Amino acid sequence: MKKTMMKGAVLFAVALALASCSKEKFHINGTITEAKDSILYLENISLDGPVAVDSVKLDETGSFEFSEERPEAPEFYRLRIANQFISLSVDSTETISVKAQYPTMATGYTVEGSENCETIKTLSLKNIDLYNRVLAIQQNTQMGMEATSDSIQKVVEAYKDDVKKNFIYKDPMKASSYFALFQTLGNMLIFNPRESKEDIKAFAAVATSWDTNYPNAVRGQNLHNIAIEGMKNVRIIENKQNMKIDLSKVDTSGRLDITLVNNKGQMSKLSDLKGKVVMLDFHAFATDESTARIMKLRELYNKYHAQGFEIYQVSVDPDEHFWKQQTAALPWVCVRDPEGINSSLMRTFNIQNIPTFYILNRENLLHKRDVQIKDLDAEIQSLL
């Protein structure tokens, strides 16, 4: 009886091993030179972030080979050494060959065996070029804040139009089109599925294609949900944009007033700045863009303050201590709304996005808001 049981267990183990070996697999191999003793990771870029799948310590030849079970729908991976990585996609039992040299592997690699991976390389290089162009604009000290913002927006919009036309709408079912939707500029998605109607159309196109070709894919379902949620958000934003400034908040002189505690613990009223040209600025110091924006505001303040220009900055940061630290060295009026983005001021001033600002004339009356101003320097000078 014991012999029979042992024999059955052995047969089961052999069968299990054979079944495991018979599963369809994909292969990623190649060489990454100049990286001796470095650890090369194969990571799955899951919906929750990178997950290590396998790794190898490279020798002087830089040769590597990974083999994993084929996914049922297109999936995304990357080869990574330290902070250098190469993005790949897998959707069959293909063999993908990569050749690169460290530490320039992210931009100088070649890939064979997968049309999707070749397209992803093209998109990755275009993304890097976009980042460098935006960085060059930000570092141009000859440009004012408004001109900088306008130039960056134009560059990004041109990039999006190119990618949508030549990649996403051209082949929405491809893994490379999915990859394009989630490219980033710094920590921000280039395509905004929360607020941009045109960007939501791109998400919807890929979602529809994936629903058809990969009906049970988690990524396809995620795209579908993003597109639907984005459509809801756009409708809400459009409804809010139809709202005008709450006239009940305007006093008999036609002024909108704000009274909040400043970073020195004192009550500070917007109307106390009557006689000055004021930028009424709504800001969040916790955002990634805050530092660069504050530097631009400092330039404006230093240039025009002596002529009668002032900034009344309303923070919506939830952390009061953090806000006080960030504003301790700022020369203008810094106040904080403890209600944050849920504040009644957001409704009163019809604010859908942070940061945003208004310009008030010397009578403390609203002159223009940011979306109406093409040249901020010229607008301030005309009121001083």
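Everything below is about the structure printed above this text.
Please read all numbers here as calculations on a predicted model, not as lab measurements. (Residues numbered from 1 in each chain as written. Predicted model: local features only at pLDDT ≥ 70, side-chain atom pairs only at ≥ 80, totals over all residues. Heavy atoms only, no water.)

### Regarding the nonpolar core
Right, so step 1: Grouped together as the largest cluster of nonpolar side chains are 33 residues, with contacts concentrated most on Leu130, Val163 and Ile168.
Right, so step 2: Among the secondary structure elements, those contributing two or more residues to this core are α3 (115-138), α4 (145-168), α5 (175-181), α6 (197-213) and α7 (218-241).
Right, so step 3: The element that contributes the greatest number of residues to this core is α4, accounting for seven residues.
Right, so step 4: If sequence neighbours within four positions are ignored, Leu130 has contacts with Val155, Val156, Tyr159, Leu185 and Ile190. (Core = buried A, V, L, I, M, F, W, Y, C linked by side-chain atoms within 4.5 Å. Buried < 20%, exposed > 50% of the residue type's maximum accessible area, 1.4 Å probe, protein only. Helix = DSSP H or I, 4+ residues; strand = E, 2+ residues; numbered from the N terminus. Contact = heavy atoms within 4.5 Å.)

### As for the sheet that holds strand β2 (residues 39-46)
Consider a sheet: its strands pair through backbone hydrogen bonds, and that pairing is either parallel or antiparallel.
Right, so step 1: Overall, antiparallel pairing links the four strands, which are arranged β3-β2-β5-β6 in an open sheet. Across the chains shown, the open sheet's two edge strands, defined by having one partner strand only, are β3 (49-57) and β6 (84-90). The mean angle between the axes of side-by-side strands here comes to 25°, regardless of whether they run parallel or antiparallel.
Right, so step 2: Strand direction decides the pairing type here: β2 and strand β5 (residues 75-81), joined by four bridges, are antiparallel. (Pairing = 2+ DSSP bridges. Axes fitted to C-alpha atoms, helices over the stretch in contact; angles between N-to-C directions.)

### Remarks on the packing of aromatic side chains
Right, so step 1: In total, this model carries nine aromatic pairs according to the counting rule given.
Right, so step 2: Relative to Trp210, the ring of Tyr178 has its centre 5.0 Å away and its plane inclined at 35°; by these criteria the two rings are tilted. Residue Tyr178 is located in helix α5, and its partner Trp210 is located in helix α6; the two are separated by 32 residues in the primary sequence. The exposure classification of Tyr178 matches that of Trp210, with both residues buried.
Right, so step 3: Each residue in the set Phe76, Tyr178, Phe182, Phe203, Trp210 and Tyr214 is aromatic and connected to the rest through ring pairs, giving one cluster.
Right, so step 4: When the ring centre of Phe85 is taken as reference, the NZ or CZ atom of Arg78 above it lies at 4.8 Å.
Right, so step 5: It is Lys121 that lies over the ring of Tyr109; its NZ or CZ is 5.2 Å from the centre. (Phe/Tyr/Trp six-rings, centres within 6.5 Å; stacked < 30°, edge-to-face > 60°. Lys NZ or Arg CZ within 6 Å of the ring centre and 35° of its normal.)

### Some words on the pattern of salt bridges
Right, so step 1: With the rule as written, the count across this model stands at 18 salt bridges.
Right, so step 2: The partner of Asp129 in a salt bridge is Arg133, and the shortest N-O contact between them spans 3.9 Å. On the criterion of helical spacing, the pair formed by Asp129 and Arg133 is a turn pair, its members being four residues apart in helix α3.
Right, so step 3: Judged by relative accessible area, Asp129 falls into the partly exposed class, the value being 40%.
Right, so step 4: Note that Lys164 is salt-bridged to Asp199, the shortest N-O span being 3.5 Å. (Salt bridge = Lys/Arg side-chain N within 4 Å of Asp/Glu carboxyl O.)

### Here we look at unusual backbone geometry
Right, so step 1: Residues Tyr102 and Pro103 are joined by a peptide bond in cis, for which omega reads 10°.
Right, so step 2: Positionally, Pro103 belongs in the loop between β7 (95-101) and α2 (105-108).
Right, so step 3: Unlike most non-glycine residues, Glu34 shows phi in positive territory, near 60°.
Right, so step 4: By secondary structure assignment, the location of Glu34 is in the loop between β1 (25-33) and β2.

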